[in-house]
Each structure stands twice: as structure tokens, then as C-alpha cells.
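Fold and contact review
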Amino acid sequence: QVQLVESGGGSVQAGGSLRLSCVASGLTFGRATMAWFRQAPGKEREFVAVIRWNDGITTYADSVRGRFIMSKDNAKNTVSLQMNSLKPEDTAVYYCAGSYRNGGQYNYWGQGTQVTVSS
């Protein structure tokens, strides 16, 4: 009964910031590698960021590196994505995902939260 619930999406102007959160339940969160993906209208789902369960090392897509920061709070079963200097091309539905294996498939997904960035 794993459940991932994203929140924090909304509409902002270019250059603004948003902070997304994903609260997990039914998951051994301390053992879970967590990631963010996004999907824009008419586009394929793309990787955004990941944080490894064992050492907390983060990896970012080239398109967001330097602007987005991912964090994981095991005590609160929550991962966050701080998004700064937002661009219109960041507009997408953002999804939280979890895996018990680094580099493995993401078996657990949230329903997504909409982020809209206007010019």
C-alpha cells in the first residue's frame, strides 16, 4: 500500500520559485532512493533529479542543474524539490517516484502536481 503524494505546484512568473514536496507512506523510506520526473504537454516524461538512499548523493538533469535542489527527510518521510529561477520550459506535471534499488526501475509513483511558469 505504498502511496506518494506530491504537493506545492502552482503558477509562477519566469524567474520565480516553487518548492514541491512528496510525502510517502507504506514505504521503507530510509531504504528508498527517491526521484523527481516531469512531463510537459506533448512531451515524453523526463528525469529531473534523484537522491540515493544509502549516501544521499544527488544527481540532476542538465536542464535543471544549478537551479533546482532536491532533499530528503527520512524522519518525515518526505522529499522536496526547491525550484529556483524557473523558466517557461519548466512547465510540466512533476512526479515523485521511489525505488529500492539505485539505478533500478521506479516501482512507486505519485499522481503528480502541476507547475506552470509564465513569461
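Residues numbered from 1 in each chain as written. Predicted model: local features only at pLDDT ≥ 70, side-chain atom pairs only at ≥ 80, totals over all residues. Heavy atoms only, no water.

**Some words on the overall build of the protein**
Where we set the bar: Elements are defined by DSSP. Helices are runs of H or I of four residues or more, strands are runs of E of two residues or more, and each kind is numbered from the N terminus. This radius of gyration counts C-alpha atoms alone. The globule rule is 2.2 Å times how many residues there are, raised to the power 0.38. Three exposure classes are used, based on accessible area relative to the maximum for each residue type with a 1.4 Å probe and protein chains only: buried under 20%, partly exposed in between, and exposed over 50%. Two residues qualify as a contact provided that any one of their heavy atoms is within 4.5 Å of a heavy atom in the partner residue. Areas reported here follow the Shrake-Rupley algorithm with a probe of radius 1.4 Å; residue values treat only the protein chains shown as occluding.
Within the protein, the secondary structure is distributed over 0 helices and 11 strands. The C-alpha atoms of the protein give 13 Å as radius of gyration, which agrees with the globular expectation for 119 residues (14 Å, within 12%). Each principal axis of the C-alpha distribution contributes one length, and for the protein these read about 40 × 25 × 25 Å. Every one of the 119 residues in the protein was classed for burial, and the buried ones make up 39%. Put simply, 55% of the contacts in the protein that link residues at least 6 apart link residues at least 24 apart. With an accessible surface of roughly 6,200 Å², the protein has 46% of that area assigned to carbon and sulfur atoms.

**Quick notes on the state of the cysteines**
How we decide: The criterion for a disulfide is a pair of cysteine sulfur atoms lying within 2.5 Å.
In total, this model carries 1 disulfide according to the counting rule given. Shown here is the disulfide that connects Cys-22 with Cys-96, its sulfur atoms set 2.1 Å apart. Between Cys-22 and Cys-96 the sulfur-sulfur dihedral comes to about -80 degrees; the bridge is accordingly left-handed. One end of the pair, Cys-22, is in strand β3 (residues 18–25); the other, Cys-96, is in strand β9 (residues 92–99), with 74 residues separating them in the sequence. Each member of the pair Cys-22 and Cys-96 is classed as buried.

None of the figures reported here should be taken as evidence of function without further support.
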